[in-house]
Amino acid sequence: LTGYLAEKIKEYFKDGSEWGWQIQYSQGLVAWDTGKRIWEAQEKLDDRFLLLYSDNFVPFPMDKVLELHEKNRLPLTFMVSAKSPGNITLDENGTVQKYDNKRSTELEYVEIGYMIVEKERTLKFFETPECSFSSILRKMAIQKQISAWIQHESYHSISDPERWKKT
């Protein structure tokens, strides 16, 4: 799901065959929210897909995250890291109790932008194609429809060249 620097991304990765991948692009306007990007790309997305934001890097045990996702059987599982101020609170089972894209010292975890998504079950939370993904996550959290994998290793911001070089 591309927007910002979409042409550079396509130029570098092409169809992905150099790495044994098959890439299909869904390019949208830079101003589009993640929710709009998912909505517009839904025909290209698998029934279950990974949504990975491009501003953080973290190695993670995919098999264990997938195992948790399948055990909890919720529409979305994302990775969180302990951080204050945070934007998430969890119950003792790792179910998201509250999501707020505005950080607060009352919330002890932060969502780091790596998630497993069940397409149809998540799309049910979209009121319109223009819904913000943050509002969708808030609704899903209220209805206890998000599980969280707690990432204990640190994650690295790669949102600009200086941070990327440091990482």
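Residues numbered from 1 in each chain as written. Predicted model: local features only at pLDDT ≥ 70, side-chain atom pairs only at ≥ 80, totals over all residues. Heavy atoms only, no water.

Participant: Tell me about the confidence of the model for the protein, residues and numbers included.
Facilitator: With 100% of its residues at a pLDDT of 70 or more, the protein has an overall mean of 92. Here strand β8 (residues 156–157) stands out as the element of the protein with the lowest mean pLDDT, 80, in contrast to helix α4 (residues 119–123), whose mean of 97 is the highest. (pLDDT = per-residue confidence, 0-100. Helix = DSSP H or I, 4+ residues; strand = E, 2+ residues; numbered from the N terminus.)

Participant: An account of helix α5 (residues 133–142) is needed here, citing residue identities and associated values.
Facilitator: Each α-helix winds once per 3.6 residues, and so residues spaced three or four apart point in a common direction. In terms of burial, α5 is largely enclosed, as seven of its ten residues are buried. Listed in full, the buried residues belonging to α5 are F133, S134, S135, I136, L137, M140 and A141. Downstream of α5 by a residue or two, K144 has a phi angle that is positive, lying close to 60°. (Buried < 20%, exposed > 50% of the residue type's maximum accessible area, 1.4 Å probe, protein only.)

Participant: Before we move on, could you go through a negative patch on the surface and cite the residues and values that matter?
Facilitator: On the surface, E43, D46, D47 and E120 cluster together into a negatively charged patch. Positionally, E120 belongs in helix α4. Look at E120 and you get partly exposed, because its relative accessible area is 48%. (Patch = residues over 30% accessible without salt bridge, like charges linked within 9 Å, V, L, I, M, F, W, Y side chains within 5 Å. Areas by Shrake-Rupley, 256 points an atom, 1.4 Å probe, with all protein chains shown as cover. Salt bridge = Lys/Arg side-chain N within 4 Å of Asp/Glu carboxyl O. Lys, Arg positive; Asp, Glu negative; His and termini not counted. Charge placed at Lys NZ, Arg CZ, Asp CG, Glu CD.)

Participant: Which residues make up the pattern of salt bridges, and what values do they have?
Facilitator: This model, assessed by the stated rule, comprises five salt bridges. For R48, the salt bridge is made with E70, and the minimal N-O distance between the two is 3.0 Å. Taken together, the residues R48 in strand β1 (residues 48–52) and E70 in helix α3 (residues 62–72) connect sequence positions 22 residues apart. Judged by relative accessible area, R48 falls into the partly exposed class, the value being 35%. For E70, a relative accessible area of 42% translates into the label partly exposed. Taken together, the salt bridges that share partners define one network made up of K36, E40 and E130.

Participant: Describe the packing of aromatic side chains, with residues and values.
Facilitator: Scanning the model with the defined rule gives seven aromatic pairs in all. Centre to centre, the rings of W19 and W21 are 5.2 Å apart; their planes meet at 25°, and the pair counts as stacked. One aromatic cluster in this structure is built from Y12, F13, W19 and W21. Against the face of W32 rests K36, its NZ or CZ located 5.0 Å from the ring centre. (Phe/Tyr/Trp six-rings, centres within 6.5 Å; stacked < 30°, edge-to-face > 60°. Lys NZ or Arg CZ within 6 Å of the ring centre and 35° of its normal.)

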